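# Report on the structure
One letter stands for each residue in the lines below.
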Amino acid sequence: MFAFSKEAEEKIEKILKKYPEERKRSALLPLLTLVQRQERHVNPDAMREIGRRLDLSPAYVQSVCSFYTMYSSKPVGKYLILFCVNISCQLNGCDVLLAHTAKKLNIEIGGTTNDMKFSLHREECLAACSGGPMMRINDTFYENLTAAKIDQILDSLD
Amino acid sequence: MTQILFHNINKKNLHTLEVYEKEGGYKGLKKAFAKEPGEIVEMVKASGLRGRGGAGFPTGLKWSFLAKDVFPRYLCCNADESEPGTCKDRELLQKNPHLLLEGMILCSYACKIETGYIYLRGEFYDLCEIMEGAIEEAYAKGYLGQNILGSGFNLDIHTHLGAGAYICGEESALLNSLEGGRGEPRMKPPFPAVQGLYEKPTVINNVETLCVVPFIVNNGPEKHAALGTEKSKGTKLVSVSGHVKKPGNYEIELGTPVREIIYDLAGGIRDDNQLKAYIPGGSSVPMVTADLVDTPYDYESLQAIGTMLGSGALIVIDDTVNIVETALRLTSFYMHESCGKCTPCREGTRWMWQLLQQIHTGKGQPEFVEKLEDICDNMSFKCFCPLGDAAVAPVISSIQKFRADYDELIAKLKADTAV
Ligand SMILES: Cc1cc2nc3c(=O)[nH]c(=O)nc-3n(C[C@H](O)[C@H](O)[C@H](O)COP(=O)(O)O)c2cc1C
Ligand code: SF4
Ligand code: FES
């Protein structure tokens, strides 16, 4: 069974106040985001719970959820690495660094380490183009990457 | 160079209300409240400000299109910033959140709006927290909420996070997303000014656009109109990225030659290589060749050379690059971000990607280039929303201007198979 944490419940109360009462469907993305952050994925149980609170059918919640890339159906690692491969980062050599990162973590791009510590995803532009190559780990942006810098960052996370 | 957005951007703790006020912040409110709302709209019109999100639509004119006497009305600030190459709004949000709030308050007063949302891309979670901190400070100081500074004007501002979809930067898709739906574009008309959020009249403006408004109210529209060129007034934040020595966001006066931006501000091409191409306004605008580097950076001059100012992202490419790789990377992006609603875009981006991928990996046939041109032709102006045309831009411009790069890869294949 899925249940929101106490902190999440407090946030939900605030979130619902942002939108007109009869438009509470607007809270759908914020609630899905809370689930993703709490469980590191969004499962059907959670979708049902959200649907119950916002008066939406599970099928509707599912169809919206599947549209957005930041919601995953399978759990992602404790540290989710989003590695930008778009144009500005590519011009500055992100491909080699992405391969380096995958090798260091010994996983495929798109995969998760067995201990569930790291997931590594290829990502489109993250609006840090003048600092490329760059990656985002959970909520933090790391810019002007080099192989040495990546090693240092990954080694510092526990 | 005159700066109106970045003159104090690196001031320590500018993101706090205290420092922002010391820098003269929120002075615009009293000035505005002494005037009728309609006068503020006229000021913004007279300033010549055009939208900085991509389309360059005159801001004051947009505000004057709101359906008459229909309330409530909404303001949506577009902080989705996902056009490849663009990273200027992120710097504004991070370092100067109160400037955006002041701009939003002024816009809301001018347009008689009582609720505003800031739609931030989902990956801006950290910036959302900064923004929420600033909103809280503004409420505490009476700049937001009921009866602001005794004016009788009420305004609430809320943040709203997206969840990873480039198309949600398109204004009607943004509205669907904000209403809790899939981020698919809407049919226009009706335009958001008539039926936007919750079917009510809605203003949608980019972060940078709204951040310019306090300058106009504080200094008068003439001061803004005195900057820039005949048709491009004011300044522009340019995100310079790619093969330059000093990539970064630079505020330039519109009309500054591209050469000056690349070679003076951004320090020139890395390793002192030669400039091969540049993309002046983000991935959705046509690329141009190095010989056009003396073009003034403004709406009309860039249009005259067949491209656009777009979001102000100047992507610089040196002569070590085969342009097919650039076109391939951008096409992969558009394929990934196509929302799938209409066929030419959904299928066209995939076909283009397949052809480019084959050319890039040495499996291209001579007729592939013609096929690409054909697909571009079938997509141009035939897609439901502008993303389809955006996807065409890098492909068709790369073929027209760098055909030799395609031929080189295809000829290599011929030579290889001949052996
Ligand atoms: C595919 C697509 C993506 C867009 N992405 C953004 C964006 O990330 N930020 C933005 O401000 N405008 C974006 N726009 C432009 C918006 O639709 C809209 O024109 C703009 O937010 C209006 O604000 P402005 O008049 O202040 O520029 C995008 C447009 C399209 C077609
Ligand atoms: S052009 Fe592309 S993004 Fe726009 S509606 Fe059609 S499929 Fe969706
Ligand atoms: S291209 Fe990598 S952050 Fe924009």
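Before going further, it helps to examine the overall build of chain A. Looking only at helices and strands, chain A has 7 helices and 4 strands in total. Moving toward the C terminus, one meets the helices and strands of chain A in the order α-α-α-α-β-α-α-β-β-β-α. In terms of overall dimensions, chain A has a C-alpha envelope of 50 × 35 × 25 Å along the principal axes. The buried share among the 158 residues of chain A stands at 52%. Carbon and sulfur atoms form 50% of the exposed surface of chain A, whose accessible area is close to 7600 Å². Computing the positive centroid from 21 side-chain charges and the negative centroid from 20, chain A places the two 2 Å apart.

Residues and elements named next belong to chain B. Scanning the model with the defined rule gives 32 salt bridges over all chains in all. With its nearest N and O atoms 3.6 Å apart, the salt bridge here joins Lys-11 to Glu-23. Of the two residues, Lys-11 sits in the segment before α1 (17–22) while Glu-23 sits in the loop between α1 and α2 (27–33), which places them 12 residues apart along the sequence. Owing to a relative accessible area of 34%, Glu-23 belongs among the partly exposed residues under this scheme. With a shortest N-O distance of 2.8 Å, Lys-245 and Asp-272 are connected by a salt bridge. Placement of the pair is Lys-245 in the loop between β5 (235–242) and β6 (248–253) and Asp-272 in the loop between α11 (258–265) and β8 (275–279), with a sequence separation of 27 residues. For Lys-245, a relative accessible area of 44% translates into the label partly exposed. Asp-272 gets classed as exposed once you look at its relative accessible area, which sits at 59%.

The next subject is unusual backbone geometry. Residue B:Pro72 is bonded to the preceding B:Phe71 through a cis peptide linkage, with omega at -5°. Following the sequence through the fold, B:Pro72 ends up in the loop between α4 (59–64) and β1 (74–79). In the segment running from B:Lys188 into B:Pro189, the intervening peptide bond is cis, with an omega of -5°. Inspection of the secondary structure assignment puts B:Pro189 in the loop between α8 (171–178) and β4 (202–206). At A:Asn144, a residue that is not glycine, the phi angle is positive and equals roughly 45°. Here A:Asn144 is to be found in the loop between β4 (140–142) and α7 (147–156). Phi is positive for B:Glu199, which is not a glycine, with a value near 60°. The topology assignment puts B:Glu199 in the loop between α8 and β4.

Turning our attention to the site of ligand 2. As a matter of local geometry, ligand 2 sits amid 13 residues, with B:Cys339, B:Gly340, B:Cys342, B:Cys345 and B:Cys385 nearest to it. Of the residues in the shell around ligand 2, the class split is 9 nonpolar, 3 polar and 1 charged.

All names here are of chain B. The terminal C-alpha atoms of helix α16 (residues 386–401) lie 22 Å apart, and with 16 residues this matches the ideal 22 Å at 1.5 Å per residue to within 8%. Of all the bends found along α16, the most pronounced is centred on Ala-393 and spans about 30°, while Pro-394, a proline, follows it within four residues. The set of residues buried in α16 consists of Leu-387, Gly-388, Ala-390, Ala-391, Val-392, Ala-393, Pro-394, Val-395, Ser-397, Ser-398 and Ile-399.

The subject of this paragraph is the domain arrangement of chain A. You can read the domains of chain A as domain 1 (6–67) and domain 2 (79–156). Here the C-alpha centre of domain 2 of chain A lies 29 Å away from the C-alpha centre of domain 1 of chain A.

So, about the side chain of A:Thr101. Position of A:Thr101 relative to the elements: it lies in helix α6 (residues 94–105). Leaving out residues up to four positions away in the same chain, A:Thr101 has contacts with A:Phe83, A:Leu120, A:Ile150 and A:Leu154.

All names here are of chain B. In terms of domains, chain B is made up of domain 1 (17–225), domain 2 (235–318) and domain 3 (323–418). Domain 2 and domain 3 are separated by 23 Å when their C-alpha centres are compared. Contact residues are listed per partner, giving 11 residues for domain 2 and 13 residues for domain 3. On the domain 2 side of the interface with domain 3, the three residues burying the most area are Lys-276, Ser-283 and Met-287, jointly 55% of the side's total.

Turning to the interface of chain B and chain A, a few remarks are in order. Tallying the contact residues gives 59 residues for chain B and 42 residues for chain A. Summing the contributions of chain B and of chain A, the shared interface buries around 3900 Å²; its carbon and sulfur component is 53%. In this structure, the connection of chain B to chain A is made through 4 salt bridges. With a closest N to O distance of 2.6 Å, A:Asp95 and B:Arg329 form a salt bridge. Along the contact surface separating chain B from chain A lie 26 residue pairs in polar contact (both at pLDDT 80 or more). Mapped onto the side of chain B that touches chain A, the elements with two or more residues apiece are β2 (115–120), α7 (125–140), β3 (156–161), α8, β5, β6, β11 (313–318) and α13 (323–337) of chain B. Ranked by residue count, the leading element in the side of chain B that touches chain A is α13(B), at 8 residues.

In this section: the site of ligand 1. All names here are of chain B. Neighbouring residues of ligand 1: 17 residues in total, closest Gly-53, Lys-62, Asn-205, Asn-206 and Thr-209. Separating an oxygen atom of ligand 1 from a side-chain N or O atom of Lys-62 is a distance of 2.9 Å. Asn-206 places a side-chain nitrogen or oxygen 2.7 Å from an oxygen atom of ligand 1. In the complex, 90% of the free accessible area of ligand 1, which totals 610 Å², lies under the protein chains. Tallying contributions element by element places β4 first for the shell around ligand 1, with 3 residues. Residue composition of the shell around ligand 1, by class: 3 nonpolar, 8 polar and 6 charged.

A few words on the nonpolar core. Among the nonpolar cores identified, the biggest contains 93 residues, and A:Phe83, B:Trp63, B:Leu100 and B:Ile118 are the most heavily contacted of them. The biggest single contributor to this core is helix α6 (residues 97–111) of chain B, with 10 residues. Residues contacting B:Ile118, with those up to four places away along its chain left out, are B:Cys77, B:Ala79, B:Leu100, B:Leu101, B:Met104, B:Met131, B:Ile135, B:Ile157, B:His158, B:Thr159 and B:His160. Core analysis: the second largest hydrophobic core is formed by 70 residues, B:Tyr74, B:Phe333, B:Met379 and B:Leu409 among them.

The rules behind each value
Residues numbered from 1 in each chain as written. Chains lettered and ligands numbered in written order. Predicted model: local features only at pLDDT ≥ 70, side-chain atom pairs only at ≥ 80, totals over all residues. Heavy atoms only, no water. Helix = DSSP H or I, 4+ residues; strand = E, 2+ residues; numbered from the N terminus. Buried < 20%, exposed > 50% of the residue type's maximum accessible area, 1.4 Å probe, protein only. Areas by Shrake-Rupley, 256 points an atom, 1.4 Å probe, with all protein chains shown as cover. Lys, Arg positive; Asp, Glu negative; His and termini not counted. Charge placed at Lys NZ, Arg CZ, Asp CG, Glu CD. Salt bridge = Lys/Arg side-chain N within 4 Å of Asp/Glu carboxyl O. Near = heavy atom within 4 Å. Nonpolar A, V, L, I, M, F, W, Y, C, P; charged D, E, K, R; others polar. Expected span 1.5 Å × (residues − 1). Bend = angle between axes of the 7 residues up to and from the residue. Domains from an automatic or database assignment. Contact = heavy atoms within 4.5 Å. Buried area = accessible area lost by both parts, 1.4 Å probe. Polar contact = N/O pair within 3.5 Å; in protein donor to acceptor, adjacent residues only side chain to side chain. Core = buried A, V, L, I, M, F, W, Y, C linked by side-chain atoms within 4.5 Å.

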